[in-house]
Amino acid sequence: MLLQTKILLRLTLAVCIILVLLVDNDAYAAAAQLKIRVIWAHNFSNHVDSSLTKLIKSLGELKYTGYELKTQTTLALKSNDTQKIKLQNGALLKLTLLEYDNDTVRLEIEIPDLKFKTKVSIAKNATLAIGGPPYENGVLIIALSQKS
């Protein structure tokens, strides 16, 4: 009886190992969760959207007095996946996931209209802010955060 149990356990383990080897890892790869916020920085008022207070304070001294959240979206990106977002000024933001390891995402960020293209790394629970595209007598700030 003990011999039969050992044989059954070994067969079960062998089947599990074979199943793991047959699984297509790309099909089940974890997706990086990114929160993208597009913020309008301007001097028309002193109002700062309450959801932006902490982020704006962390950016330090900027020459703008008002900050309005224009859009917020969450993207799930898999390796080499590219997502496009149309910004309020009509420019296209392209995000391509280069690497993801649960602690850090590595992205290629491109805004073709501005001839802007760069590669960045964002740690878990961190935010990267990119500023500059002009919009209605102010600028757009693009804040990219890796969600945990």
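One structure accompanies this document, and this report is about it.

About the criteria used
Residues numbered from 1 in each chain as written. Predicted model: local features only at pLDDT ≥ 70, side-chain atom pairs only at ≥ 80, totals over all residues. Heavy atoms only, no water. Helix = DSSP H or I, 4+ residues; strand = E, 2+ residues; numbered from the N terminus. Buried < 20%, exposed > 50% of the residue type's maximum accessible area, 1.4 Å probe, protein only. Contact = heavy atoms within 4.5 Å. Polar contact = N/O pair within 3.5 Å; in protein donor to acceptor, adjacent residues only side chain to side chain. Pairing = 2+ DSSP bridges. Axes fitted to C-alpha atoms, helices over the stretch in contact; angles between N-to-C directions. Core = buried A, V, L, I, M, F, W, Y, C linked by side-chain atoms within 4.5 Å.

Let's talk about the overall build of the chain
For step 1, the next point in the chain: The helix and strand tally for the chain stands at two helices and eight strands.
For step 2, the next point in the chain: Helices (α) and strands (β) of the chain occur, in sequence order from the N terminus, as α-β-α-β-β-β-β-β-β-β.
For step 3, the next point in the chain: Taking all 148 residues of the chain together, 30% fall into the buried category.
For step 4, the next point in the chain: Put simply, of all contacts in the chain between residues at least 6 apart along the chain, 44% involve residues at least 24 apart.

Observations concerning the side chain of S145
For step 1, the next point in the chain: Of note, S145 is situated in strand β8 (residues 138–146).
For step 2, the next point in the chain: According to the relative accessible area criterion, S145 is buried, its value standing at 6%.
For step 3, the next point in the chain: Of the polar contacts made by the side chain of S145, one reaches the side chain of T127; its length is 2.6 Å.
For step 4, the next point in the chain: Not counting the four nearest positions on each side in its chain, S145 is found in contact with Q33, L34, K35, R37, A126 and T127.

Let's talk about the sheet that holds strand β2 (residues 66–77)
For step 1, the next point in the chain: Reading across the sheet, the four strands line up as β2-β1-β8-β7 and stay open at both edges, with antiparallel pairing between neighbours. Of all strands in the sheet, those with a lone pairing partner are β2 and β7 (127–135), marking the two edges. If you compare each strand with its neighbour and ignore which way they point, the axes differ by 20 degrees on average.

Considerations on the nonpolar core
For step 1, the next point in the chain: Ranked by internal contacts, the top residues of the largest apolar core, which has 24 residues, are I36, L95, L107 and L144.
For step 2, the next point in the chain: Taken together, the elements giving at least two residues each to this core come down to β1 (32–42), β2, β4 (92–100), β5 (104–111), β6 (116–123), β7 and β8.
For step 3, the next point in the chain: Looking at which element gives the most residues to this core, the answer is β1, with five residues.

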